[in-house]
Amino acid sequence: EPEVTQTPSHQVTQMGQEVILRCVPISNHLYFYWYRQILGQKVEFLVSFYNNEISEKSEIFDDQFSVERPDGSNFTLKIRSTKLEDSAMYFCASRVDRALGNTIYFGEGSWLTVV
Amino acid sequence: QQQVKQSPQSLIVQKGGISIINCAYENTAFDYFPWYQQFPGKGPALLIAIRPDVSEKKEGRFTISFNKSAKQFSLHIMDSQPGDSATYFCAASMVDRGSTLGRLYFGRGTQLTVWP
């Protein structure tokens, strides 16, 4: 079964450093998302991306965050200057097409620890 | 603003029993209600989903009951098994509305433990 793959699985970074989390969505999917989950809390939406531009972003997704689809397969989340409260599991997700299906498929996550 | 409220926070059920998790929503624009299952260290995986034009959907041991007038929906796990022990999240989205692209609003999760 096709799956969303994410790298790294775990990253430890110092406060103030830049971090890039990488994702390879399912190949024929057109909609891409980043969510995050702080330990023990619910999954929260960060941003959705379609046709090479951001479609929607939450209040969490401030100026320190950015997303990019640099080529036909990768989808990245950059955190410019990490803060302690950015420590969380970050999930990439994708969906095929609005008409063809509603299911959003999640990757296994990238665990970010900011120290 | 909590768009989707989920209860209970944790649930302990004996093997073979019925697990019931409840969710309530406020936004009547929601038109897609999935349930996700999450094992430790893994991403959420879609378990079952329902649209508001039906009141119940069953897939194997998993059933969603949907009450549109009450703005509530619930997950029933029949014949619960130890392998069902996981965190369950309800969610809601507006799949067919403008530019929202099906953003999921998650409940806070229910940690289910099934004792053998």
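Residues numbered from 1 in each chain as written. Chains lettered and ligands numbered in written order. Predicted model: local features only at pLDDT ≥ 70, side-chain atom pairs only at ≥ 80, totals over all residues. Heavy atoms only, no water.

Student: A description of the sheet that holds strand β3 (residues 19-24) of chain A should follow, citing residues and the corresponding values.
Tutor: Residue and element names in this part refer to chain A. With antiparallel pairing, 4 strands are arranged side by side in an open sheet as β1-β3-β8-β7. The open sheet terminates on both sides in strands that have one partner only, identified here as β1 (5-7) and β7 (65-68). Geometrically, the sheet is characterised by an average inter-axis angle of 20° between neighbouring strands, direction not taken into account. Judged from the 5 bridges that link them, β3 and strand β8 (residues 75-79) form a sheet pairing that is antiparallel. In the strand pairing of β8, R22 is matched with T76. (Pairing = 2+ DSSP bridges. Helix = DSSP H or I, 4+ residues; strand = E, 2+ residues; numbered from the N terminus. Axes fitted to C-alpha atoms, helices over the stretch in contact; angles between N-to-C directions.)

Student: Pulling in residues and values, what's your account of the interface of chain A and chain B?
Tutor: The interface of chain A with chain B comprises 23 residues on the first partner and 24 residues on the second. Summed over both sides, the interface of chain A with chain B buries roughly 2000 Å², with 53% coming from carbon and sulfur. Inspection of the chain A/chain B interface yields 2 salt bridges. R103 of chain B serves as the salt-bridge partner of E56 of chain A, at 3.1 Å between the closest nitrogen and oxygen. At the junction of chain A with chain B, the criterion picks out 5 residue pairs in polar contact (both at pLDDT 80 or more). Of all elements in the fold, only β4 (31-37), β5 (43-50), β6 (53-57) and β9 (88-95) of chain A reach the threshold of two or more residues within the side of chain A that touches chain B. If one sorts the elements of the side of chain A that touches chain B by residue count, β5 of chain A sits on top with 5 residues. Here the side of chain A that touches chain B is composed, by residue class, of 10 nonpolar, 8 polar and 5 charged. (Contact = heavy atoms within 4.5 Å. Buried area = accessible area lost by both parts, 1.4 Å probe. Salt bridge = Lys/Arg side-chain N within 4 Å of Asp/Glu carboxyl O. Polar contact = N/O pair within 3.5 Å; in protein donor to acceptor, adjacent residues only side chain to side chain. Nonpolar A, V, L, I, M, F, W, Y, C, P; charged D, E, K, R; others polar.)

Student: Describe the packing of aromatic side chains, with residues and values.
Tutor: By convention here, two paired aromatic rings are described through the distance between centres and the angle between planes. Tallying each qualifying case throughout the model produces 23 aromatic pairs over all chains. A ring pair is formed by Y33 of chain A and Y35 of chain A, whose centres lie 6.2 Å apart and whose planes are at 40°; its orientation type is tilted. In this structure Y33 of chain A comes out as buried when scored by relative accessible area, which is 0%. Feature note: the residues Y33, Y35, F45, F91 and F106 of chain A together with Y36, F89 and F106 of chain B constitute an aromatic cluster, connected by ring pairs. Sitting above the plane of the Y31 of chain A ring, R95 of chain A keeps its charged end 4.9 Å from the centroid. (Phe/Tyr/Trp six-rings, centres within 6.5 Å; stacked < 30°, edge-to-face > 60°. Buried < 20%, exposed > 50% of the residue type's maximum accessible area, 1.4 Å probe, protein only. Lys NZ or Arg CZ within 6 Å of the ring centre and 35° of its normal.)

Student: Mind laying out the state of the cysteines, listing which residues take part and the relevant values?
Tutor: By definition, a disulfide links the sulfur atoms of two cysteine residues through a covalent bond. Residue and element names in this part refer to chain B. For the structure on display, the rule yields 2 disulfides over all chains. At a sulfur-sulfur separation of 1.8 Å, the disulfide partner of C23 is C90. Taking the torsion about the sulfur-sulfur bond, which here is approximately -95°, the covalent link between C23 and C90 counts as left-handed. Taken together, the residues C23 in strand β3 (residues 19-25) and C90 in strand β9 (residues 86-92) connect sequence positions 67 residues apart. (Disulfide = S-S within 2.5 Å.)

Student: Describe in detail the sheet that holds strand β8 (residues 72-77) of chain B, supporting the description with residues and values.
Tutor: All names here are of chain B. Across the sheet, which stays open at both edges, the 5 strands sit in the order β1-β3-β8-β7-β6 with antiparallel pairing between neighbours. Each edge of the open sheet is held by one strand with a lone partner, namely β1 (4-7) and β6 (56-59). Each neighbouring strand pair of the sheet contributes to a mean axis angle of 15°, computed without reference to strand direction. In terms of strand pairing, β1 meets β3 through 4 bridges, oriented antiparallel. Looking at the pairing, Q6 lines up with C23 of β3.

Student: Run through the pairing of β7 of chain A, naming residues and quoting values.
Tutor: The alternating pattern of β7 of chain A places F65 and V67 of chain A on a buried face, while none of S66 and E68 of chain A, on the opposite face, is buried. Joining the antiparallel neighbours β7 of chain A and β8 of chain A is a turn of 6 residues.

So, to be careful, I would describe these as geometric facts and stop short of saying anything about function.
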